[in-house]
Amino acid sequence: MKVSAVLLVLFAFQAAVAVVRSTAPCTLTVGYYNDKCNRSVEGIVRDTVKAALNADSTIGAALIRLLFHDCFVRGCDASVLLDPTYSNPYPEKTSGANIGLRGFDPATRPSTSATEASTSLSQRGAWTSVVSSSADAESNLPGSTFEVSKLISNFAVKGFTPEELVILSGAHSVGRAHCSSFQDRLSAPSSEINPYFRDNVLRKDCGAGPADPMVENNIRDQNATTLGNLTGYVVPANGSDLLDNSYYHNNLNNLVLFHSDWALIDSSATLKHVHEYADNGTLWNLDFVDALVKLSKLTMPPGSTGEIRKMCRATN
């Protein structure tokens, strides 16, 4: 069974908006808005994201990445949404780790739309951080050149197991990446990357067009003419922009973009799960949903202060 990015993005964002700050510092409460709004906040989020996906199917992958890049830094506090200001010229979204990050418009629109539900400020949005630092993004987000041991320790800090690392990495079955994010793969040894894929696909794509062009994460979605007679990847049956377990098949055949993807098959602690999800796409669908819910519950660091913003892109 293939799962559309539409369904999982909707689920993830509804989960994220449903857990909001409780009376205890830095903790979250499910259903915070249940008795506060005339219209379901989850419904507002669903309608907004659905409209964005209908207008641009690639926004699904962008929103999943946006969710991860927010929650993995200081918890799910919307710190990645904050724009640069005179007093804070380098918020998270300016970090090199967040290159190409998009989806800010549909992510911020539900807060504006929540005025349909109530005129009360406390009903316009979730508890959000007043802190956003490029340095925090750099030090918390996993790098595309990480070895598996560093990936495992990076995820462990956030409470995720090696299996959950493998599960969440499956999100790379959709989306696009700047060539600068996998530049090291253009000279990686043939034991780590299919040489035809490296020499005739990635080098060609990264050497064409504007500076630092973008390439589809999934070889399945790349130009068939460029791929030529290359084999070993899952041919799309239901179109592109689909979250599925093709990522794991590609990884076992050295057909993935990032070194951090390939690294998952370089350790028995993660390789067994790559095989597990390559063999069972339905299991991955279920486990990916659970991992997204867990991700959406990451809270701000103890002692943090926050507010309910009037505008998602700026502190009050």
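Criteria and thresholds
Residues numbered from 1 in each chain as written. Predicted model: local features only at pLDDT ≥ 70, side-chain atom pairs only at ≥ 80, totals over all residues. Heavy atoms only, no water. 1 Å grid on protein atoms, 1.4 Å probe; cavity = no way out; pocket = protein on both sides within 12 Å on 5 of 7 lines; lining within 4 Å. Points joined across faces, edges and corners; volume = space filled by probe spheres on them. Nonpolar A, V, L, I, M, F, W, Y, C, P; charged D, E, K, R; others polar. Axes fitted to C-alpha atoms, helices over the stretch in contact; angles between N-to-C directions. Helix = DSSP H or I, 4+ residues; strand = E, 2+ residues; numbered from the N terminus. Parallel < 35°, antiparallel > 145°, perpendicular 65-115°, else oblique. Contact = heavy atoms within 4.5 Å. Core = buried A, V, L, I, M, F, W, Y, C linked by side-chain atoms within 4.5 Å. Buried < 20%, exposed > 50% of the residue type's maximum accessible area, 1.4 Å probe, protein only. UniProt positions renumbered as here; feature names shortened; annotations may be inferred. Disulfide = S-S within 2.5 Å. Polar contact = N/O pair within 3.5 Å; in protein donor to acceptor, adjacent residues only side chain to side chain.

1. Observations regarding empty space enclosed by the protein
No. 1: Considering all chains together, one arrives at two cavities of 30 Å³ or more under this definition.
No. 2: Around the second largest cavity sit His-172, Asn-217, Asn-218, Tyr-247, Asn-250, Val-256, Leu-257, Phe-258 and Asp-261, which together line it.
No. 3: Across the lining of the second largest cavity, the residue classes break down as four nonpolar, four polar and one charged.

2. Here's the deal with the packing of helix H6 (residues 148-157) against helix H7 (residues 162-169)
No. 1: Two elements in contact, H6 and H7, have axes whose closest approach is 9 Å; the angle formed by their N-to-C orientations is 100°. Classified by the angle between their axes, H6 and H7 sit roughly perpendicular to one another. Taken together, the residues of H7 that come into contact with H6 (itself represented by Leu-151, Ile-152 and Phe-155) are Pro-162, Leu-165 and Leu-168.
No. 2: In terms of residue class, the contact of H6 with H7 is made up of six nonpolar, no polar and no charged.

3. Focus: the nonpolar core
No. 1: Counting 37 residues, the largest nonpolar core has Phe-72, Tyr-248, Phe-288 and Leu-295 as its most contacted members.
No. 2: Elements that contribute at least two residues to this core include exactly helix H3 (59-74), H6, H7, helix H10 (246-252), helix H12 (268-279) and helix H13 (281-296).
No. 3: Every residue in contact with Tyr-248, bar those within four places of it in the chain, is listed here: Val-166, Ile-167, Gly-170, Val-274, Tyr-277, Ala-278 and Trp-284.
No. 4: In terms of nonpolar packing, the next biggest core, distinct from the first, is built from 18 residues, Val-201, Cys-206, Tyr-233 and Phe-258 among them.

4. Examining the UniProt feature "active site" (unreviewed entry) in the protein
No. 1: With numbering matched to this structure, UniProt assigns "active site" (unreviewed entry) to His-69.
No. 2: Its location among the elements puts His-69 in helix H3.
No. 3: The contacts of His-69, once residues within four sequence positions are left out, are Glu-92, Ala-97, Asn-98, Leu-101 and Leu-141.

5. Concerning the UniProt feature "binding site: substrate" (unreviewed entry) in the protein
No. 1: Residues annotated in UniProt with the feature "binding site: substrate" (unreviewed entry) correspond here to Pro-142.
No. 2: With respect to the helices and strands, Pro-142 occurs in the loop between helix H5 (134-140) and H6.
No. 3: With a relative accessible area of 24%, Pro-142 lands in the partly exposed category.
No. 4: Non-local contacts of Pro-142, meaning those with residues more than four positions away in its chain, are made with Phe-68, Phe-72, Leu-151, Asn-154 and Phe-155.

6. Topic: the state of the cysteines
No. 1: Taken as a whole and assessed by the stated rule, the structure comprises two disulfides.
No. 2: Each sulfur of the disulfide joining Cys-71 and Cys-76 lies 2.0 Å from the other. Its S-S torsion of about 115° marks the bond between Cys-71 and Cys-76 as right-handed, since a negative value means left-handed.
No. 3: The buried category is assigned to Cys-71, whose relative accessible area is 1%.
No. 4: Its relative accessible area of 22% is what places Cys-76 among the partly exposed residues.
No. 5: Here Cys-179 pairs with Cys-206 through a disulfide, and the sulfurs are 2.1 Å apart. Between Cys-179 and Cys-206, the S-S torsion sits near -90°, and that sign places the bridge as left-handed. Taken as a pair, Cys-179 in the loop between strand S5 (176-178) and helix H8 (195-206) and Cys-206 in helix H8 lie far apart in primary sequence, 27 residues in all.
No. 6: Judged by relative accessible area, which is 3%, Cys-179 ranks as buried.
No. 7: Relative accessible area serves as the criterion here: at 16%, Cys-206 is assigned to the buried category.

7. Topic: the side chain of Ser-173
No. 1: Note on placement: Ser-173 falls in the loop between H7 and S5.
No. 2: Its relative accessible area of 0% is what places Ser-173 among the buried residues.
No. 3: Engagement of the side chain of Ser-173 in a polar contact is seen with the backbone nitrogen of Asp-244, the distance being 3.4 Å.

8. Details of the layout of surface pockets
No. 1: Of the voids in this model, the largest pocket is the one considered here, and its volume is about 1100 Å³.
No. 2: In terms of lining residues, the largest pocket is bounded by 45 residues, among which Arg-65, His-69, Ala-97, His-172 and Phe-258 are the most central.
No. 3: Broken down by secondary-structure element, the contributors of at least two residues to the lining of the largest pocket are H3, H5, H6, H7, S5, strand S6 (214-216), helix H11 (259-262) and H13.
No. 4: The element best represented in the lining of the largest pocket is H3, accounting for six residues.
No. 5: Along the lines of polarity and charge, the residues of the lining of the largest pocket split into 23 nonpolar, 14 polar and eight charged.

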